[in-house]
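Residue-level structural notes
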Amino acid sequence: MGDLTVKKFFTAAVAAVMMVAATGASAATGASAATKTFKATVSDVTGPDELLEDLFGTSTGRTLTLLVTFDTDVSSGATLVSGGRRFDYDVLRSGYDAFSLIAPEKTLDAVASDGDVRTQDGIADRSLDVSDKFILRSSAFSPDPAIYQILVIASDLDESKWSRTDPISASLLNSLSVQSFQLIKSVTVNGSFQDQDVRSNSVTWAEVPAVPLPAGLPLLLAGLGALGIASRRRRS
């Protein structure tokens, strides 16, 4: 291999290593230090046979997965809405970065700008002073626009478990009571639209570990270093 070829190979290899390192680092840290991905396992799903078959390929399918990436600081970028025509309570709303539903026969990706994470209380006093519910909601999907809303709700909260400034974690989510999942689809029945849904009261959360740098990266760097040394010696 000539000196020029070695130099080109070495330069390309270093560029590739830097790209791999940058990719691994970004995957490990996320968009920000507070951004994390959580997995919700939804078991014992029930509903109309046609919807179960659409998700599971059979009317006896029972388990699916939700993947959600959001800022674990619930107060970050959140908006407090109080009272008004649509609310007789206060609700703290913040967005999320990604939301996917994964079932054996179908994967749905939510449009994050059309969904939110909410904590809400039962009093419209412009203060989130009593927490009643944690709600993860989305209402726009690809590739199946007929499925127009997915809700994950934890009810009967109290301030000993949740406050506005608590960072979201898997342990905190699992501590919340009366967790429920609902997927709502608009279907045509006898020429008119009606809503059908599948649902579950079994939702278990886990944090998805950050992707580490490739295990073989140190060996690759050592090999490239040795190649560089050998190239210099041949030129000298």
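Residues numbered from 1 in each chain as written. Predicted model: local features only at pLDDT ≥ 70, side-chain atom pairs only at ≥ 80, totals over all residues. Heavy atoms only, no water.

1. Description of unusual backbone geometry
In this chain, S142 is followed by P143 through a cis amide linkage whose omega measures 10°. One non-glycine residue with positive phi stands out, namely D44, at about 55°. Taking relative accessible area as the criterion, D44 reaches 53% and is therefore assigned exposed. Its identity as a non-glycine residue notwithstanding, R126 has a phi of 60°, on the positive side. On the secondary structure map, R126 appears in the loop between β7 (115-120) and β8 (133-138). (Buried < 20%, exposed > 50% of the residue type's maximum accessible area, 1.4 Å probe, protein only. Helix = DSSP H or I, 4+ residues; strand = E, 2+ residues; numbered from the N terminus.)

2. Describing the side chain of T69
Residue position: T69 is located in strand β2 (residues 64-71). T69 gets classed as buried once you look at its relative accessible area, which sits at 17%. In terms of polar contacts, T69 uses its side chain to reach the side chain of T37, at 2.5 Å. Setting aside residues up to four positions removed in sequence, T69 forms contacts with T35, K36, T37, Y96, D97 and A98. (Polar contact = N/O pair within 3.5 Å; in protein donor to acceptor, adjacent residues only side chain to side chain. Contact = heavy atoms within 4.5 Å.)

3. With respect to the sheet that holds strand β6 (residues 107-110)
Taken together, six strands build an open sheet; the order of strands is β9-β6-β5-β2-β1-β13 and the sheet is antiparallel. Strand pairing shows two members of the sheet lacking a second neighbour, β9 (141-142) and β13 (202-207), which therefore form its edges. Pairing of strand β1 (residues 35-43) with β2, which is carried by eight bridges, proceeds in the antiparallel orientation. Paired with T41 across the bridge in β2 is T65. (Pairing = 2+ DSSP bridges.)

4. What to know about the environment of D88
Note that D88 resides in the loop between β3 (79-82) and β4 (90-94). Remark: the alpha-carbon pair of D88 and D125, spanning 37 residues in sequence, is separated by 9.2 Å. Not counting residues within four places of it along the chain, the set of residues in contact with D88 comprises G122, I123 and A124.

5. Description of the nonpolar core
Counting residues in each nonpolar core, the largest one holds 36 residues, and the members touching the most others are L64, L101 and F181. Every residue in contact with F181, bar those within four places of it in the chain, is listed here: V42, L64, L66, L101, I150, L151, V152, V198, R199, S200 and V203. (Core = buried A, V, L, I, M, F, W, Y, C linked by side-chain atoms within 4.5 Å.)

6. What about the side chain of D90?
Within the secondary structure layout, D90 lies in strand β4. As a buried residue without a salt bridge, D90 has its nearest oppositely charged side chain in R126, at a separation of 6.7 Å. In terms of polar contacts, D90 uses its side chain to reach the backbone amide nitrogen of R126, at 3.2 Å. (Lys, Arg positive; Asp, Glu negative; His and termini not counted. Salt bridge = Lys/Arg side-chain N within 4 Å of Asp/Glu carboxyl O.)

7. With respect to the packing of aromatic side chains
For the coordinates displayed, the defined rule picks out three aromatic pairs. Plain terms: the ring middles of F87 and Y89 are 5.5 Å apart, the flat faces sit at 80° to each other, and that makes the pair edge-to-face. Both residues of the pair, F87 and Y89, belong to the buried class. (Phe/Tyr/Trp six-rings, centres within 6.5 Å; stacked < 30°, edge-to-face > 60°.)

8. Quick notes on the confidence of the model for the protein chain
For the protein chain, the average pLDDT comes to 76, and 69% of its residues sit at 70 or higher. The secondary structure element of the protein chain with the lowest average pLDDT is helix α1 (residues 3-29), at 47, and the one with the highest is β13, at 93. Low pLDDT (under 50) marks residues 13-31, which in the prediction has 17 contacts with non-local residues, meaning those over four places away or in another chain. (pLDDT = per-residue confidence, 0-100.)

9. A look at the pairing of β4
Of all five residues in β4, four are buried, a share of seventy percent or more. Note: β3 against β4, four bridges, orientation antiparallel. Bridged to L80 within β4 is L92.

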